[in-house]
Amino acid sequence: MRIMVILTGLLLLAACQNNEESLLRERQADSDLKYVTDSDPVKRETLSNQQVAKRLAQTAVEVPDVHDATAVVLGKYVAVGIDVDKDLDRSRVGVIKFSVAEALKHDPYGKQAVVVADADGFERIRGLGRKIAEGHPVQAVTEELSQIVGRYMPEGPINERSQSESNEQSIPKKDQEKLHKIEENQSKDR
């Protein structure tokens, strides 16, 4: 009996194997289907950080209303400073910054670039690029870049409790129970 079960199992296994091979042959014979091994069409060239910075600055300059651009690349971190007309209003500068960020997003090296559009930031990034070219220590350059980027990144609360949670702690226990009952009743009414 044991031998019969083993033979049946082997026959089923062999039948399944033949079915898979025939399906594979059918797929390969079908000329309408194309099997792709790597679907990412963007090939990244091996460039130095300075070459990438020049490339990204050139991409930024090609955006309308950008007079000059500079970029700094440290590993995967990229900061791009753009020089625009000082008489433009803030909303127009925002549109230009967005356009530059969109243009950089299409470059494999500029996908996560921080774009700075004020004169001070532009000059600081340009000076940082000079320091890198002169061979200043990486730690000093990294600290300067983090200060530049930190100045322009929006600030927000990180993992803070909501206002309602902090208010609950100031309410006495028996009043908290009443409040929860009221909240439950209100949520059932919706």
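Overview of the structure. (Residues numbered from 1 in each chain as written. Predicted model: local features only at pLDDT ≥ 70, side-chain atom pairs only at ≥ 80, totals over all residues. Heavy atoms only, no water.)

1. Focus on the overall build of the protein
As a reminder of what qualifies: Labels follow the DSSP assignment, with helices taken as runs of H or I lasting at least four residues and strands as runs of E lasting at least two, numbered in each case from the N terminus. Working rule for contacts: check all heavy atoms of both residues, and any pair within 4.5 Å makes them a contact. In short, Shrake-Rupley with a 1.4 Å probe defines the accessible areas, and a residue's cover is counted only from the protein chains shown.
The helix and strand tally for the protein stands at seven helices and three strands. Traced from its N-terminal end to its C-terminal end, the protein shows the element sequence α-α-β-β-α-β-α-α-α-α. Long-range pairs, those at least 24 residues apart, make up 54% of the contacts in the protein between residues at least 6 apart in sequence. Of the roughly 15,000 Å² of accessible surface on the protein, a fraction of 53% belongs to carbon and sulfur atoms.

2. Details of helix α4 (residues 119–134)
Because the α-helix completes a turn every 3.6 residues, residues three or four places apart line up on one side. Cut-off, in case you're wondering: Helix span is expected to be 1.5 Å times the residue number reduced by one. Note on exposure labels: buried denotes an accessible area under 20% of the residue type's maximum, exposed denotes more than 50%, and partly exposed covers the range between, all computed with a 1.4 Å probe on protein chains only.
The end-to-end C-alpha distance of α4 is 23 Å, a good match for the 22 Å that 16 residues give at a rise of 1.5 Å each. For α4, the set of buried residues is Gly-121, Phe-122, Ile-125, Gly-127 and Leu-128. Gly-135 lies just past α4 and shows a positive phi near 90°.

3. A short note on the sheet that holds strand β2 (residues 77–83)
To keep things clear, this is the line we draw: Strands were regarded as paired on the criterion that DSSP finds at least two bridges between them. Axis lines are fitted through C-alpha atoms, for helices just across the contact stretch, and the angle between N-to-C directions can take any value from 0 to 180 degrees.
As summarised here, the arrangement of the three strands in space is β1-β2-β3, forming an open sheet in which the pairing is mixed. A single partner strand is all that each edge strand has here, and the edge strands are β1 (68–74) and β3 (114–116). With strand direction ignored, the average angle separating the axes of adjacent strands in the sheet is 20°. The strands touched by helix α2 (residues 49–61) within the sheet are β1 and β2, with β1 carrying the most contacts at an inclination of about 150°.

4. Looking at the environment of Asp-107
Here is the rule we go by: Polar contact is defined as a pair of N or O atoms within 3.5 Å, subject to the rule that within protein one atom must be able to donate a hydrogen and the other to accept it, and that residues adjacent in sequence are counted only when both atoms are side-chain atoms.
Within the secondary structure layout, Asp-107 lies in the loop between α3 (90–105) and β3. Residue class for Asp-107 comes out buried when judged on its relative accessible area of 9%. A sequence separation of 48 residues divides Asp-107 from Thr-59, and the C-alpha atoms of the two residues are 8.7 Å apart. Among all residues touching Asp-107, those that are not within four sequence positions of it are Arg-55, Leu-56 and Thr-59. Within the local environment of Asp-107, its side chain forms a polar contact with the side chain of Arg-55, the two groups lying 2.8 Å apart.

5. Let's talk about the nonpolar core
Note the cut-off: To form a nonpolar core, buried Ala, Val, Leu, Ile, Met, Phe, Trp, Tyr and Cys residues must be joined to one another through side-chain atoms within 4.5 Å.
Membership of the largest hydrophobic core comes to 22 residues, with the highest contact counts inside it found for Leu-56, Val-80, Ile-82, Val-100 and Leu-104. Contributing elements (two or more residues each) for this core: α2, β1, β2 and α3. Those residues in contact with Val-80, other than ones at most four positions away along the chain, are Ala-60, Thr-70, Ala-71, Leu-104, Ala-113, Val-114, Val-115, Val-116 and Ile-125. Listed in part, the 10 residues of the second largest apolar core include Val-116, Leu-128, Leu-145 and Ile-148.

6. Some remarks on the pairing of β2
Heads up, the rule is: Look down the strands so they point away from you; if going from the first strand over the helix to the second traces a clockwise path, that crossover is right-handed.
Among the seven residues that make up β2, five are buried, leaving the element largely enclosed by the rest of the structure. Alignment of β1 against β2, held across seven bridges, turns out to be antiparallel. Each bridged residue has a counterpart across the sheet, and for Ala-69 the counterpart in β2 is Ile-82. From the end of β1 to the start of β2, which pair antiparallel, there are two residues, and Gly-75 there has a positive phi angle of about 65°. In terms of strand pairing, β2 meets β3 through three bridges, oriented parallel. Across the sheet, the residue bridging to Ala-79 is Val-114, located in β3. Regarding the hand of the β-α-β motif, the stretch spanning β2, α3 and β3 is right-handed.

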